Amino acid sequence: MGNAGLIEVPKTYTVKELWDAFLKQKTGVKESTMKTYLDAQRRFFIFFDAQQPLEDFTKDHVLSWKETLLGELAVSSVAGYMKNLKSVLTWAVSQGWIDKSPLDGVGRGSFVNRSRDRIISMEEYRRLLDACPCKDWRAILALVRIGGLRCPSEVVTLRWEDVNWERSCFYVRSPKTEHHDGKESRIMPVFSELKTELESLFFDPESEGREFVINRYRDPKQNLGTTFAKIVNRAGLPTIPRPFDNMRMTRSNEVYNRWGAFKESQWIGHSKQVRADHYLMIQDVDYQEAAQWVIPPVETLKSESESCIDRRKPRLERVVA
């Protein structure tokens, strides 16, 4: 007998089969990106049974997991896990494994977490420099705090050939944003304080013939945080949370306040939305300056305006003539 009249029963999948298949097809992604997916997978299976049928995986399950994560982690971390899960479930829909993603209508939360933001003053920066164990570390701090580079990705890929001493600028490769058109690199100024540290390292005999600016700590997998914590302790400073992010954030504010939004975006290397959400901060000096600002009387403003017109009259008369 043939198969006439028989209904083909579609295959059902487990959540483990979904994760395994999703990760298997993620070829060509960066190692750091794959690491975030693997971390999300680990967190997912702490909460869920690997053999749970995918077709029975509902919005209520997602909400329960999200609520549990919010009790353990920062909101921004939870948002990252929800983003990864959304990618997995969207892929399942595209493959016909499920008709609709359980994440539809579930907010993933905010990626913005400013609670650990901290301005690192120039006084603190100089104390940190004095506590560094070597010139490589002094250059690392300068590249992040003064240059505004991402650490370690942009710092460890910087080569001496990227530095144009004559034009006082240097070329920065941007692994984090290279998938966006025109964002794979940027040109940065060699700020005065940065130039001091780069020249000191460049003319050091140990740097002769070296391709990269930073040699001792070039491996992106190295945990620079441990050594930095020792530098902070040696400098007599309190613990600095997210040190490299906060040094970069501090420089972003300085560049924005001194040179404006366009140059800050071009030099620091992010969008105006990212700048607003993650970088700009109200500082004590802003309150002090605002408290001291006095609006001039209307008479003064009128007088200044008339004075300006008077200065322009001869030129305007020539133009009319």
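See the structure shown above.
Residues numbered from 1 in each chain as written. Predicted model: local features only at pLDDT ≥ 70, side-chain atom pairs only at ≥ 80, totals over all residues. Heavy atoms only, no water.

Summed over all chains, the structure comprises 23 aromatic pairs. Taking 6.4 Å as the distance between ring centres and 40° as the angle between the ring planes, the aromatic pair formed by W137 and F228 counts as tilted. Linking W137 in helix α6 (residues 135-145) with F228 in helix α9 (residues 224-235), this pair joins segments that are 91 residues apart in sequence. Looking at F228, the relative accessible area reads 2%, which means it is buried. Ring centres 5.6 Å apart and planes at 55° place the aromatic pair W165 and F202 in the tilted group. Taken as a pair, W165 in the loop between β1 (163-164) and β2 (169-173) and F202 in helix α8 (residues 192-202) lie far apart in primary sequence, 37 residues in all. Judged by its relative accessible area of 28%, W165 falls in the partly exposed class. (Phe/Tyr/Trp six-rings, centres within 6.5 Å; stacked < 30°, edge-to-face > 60°. Helix = DSSP H or I, 4+ residues; strand = E, 2+ residues; numbered from the N terminus. Buried < 20%, exposed > 50% of the residue type's maximum accessible area, 1.4 Å probe, protein only.)

For the pair α6 and α8, interaxial distance at closest approach is 9 Å and the crossing angle is 155°. It follows from the interaxial angle that α6 and α8 lie roughly antiparallel. Both α6 and α8 take part in a crossing whose hand is left-handed. Note on element contacts: α8 touches α6 through L194, E197, L198, S200 and L201, opposite K135, D136, R138, A139, A142 and L143. When grouped by side-chain class, the residues that make up the contact of α6 with α8 number 6 nonpolar, 1 polar and 4 charged. (Axes fitted to C-alpha atoms, helices over the stretch in contact; angles between N-to-C directions. Parallel < 35°, antiparallel > 145°, perpendicular 65-115°, else oblique. Left-handed = near helix turned anticlockwise from the far one by under 90°. Contact = heavy atoms within 4.5 Å. Nonpolar A, V, L, I, M, F, W, Y, C, P; charged D, E, K, R; others polar.)

Our next topic: the environment of D99. Take D99: it is sitting in the loop between α4 (75-94) and α5 (122-130). As for D99 and E55, which are separated by 44 residues in sequence, their C-alpha atoms are 9.0 Å apart.

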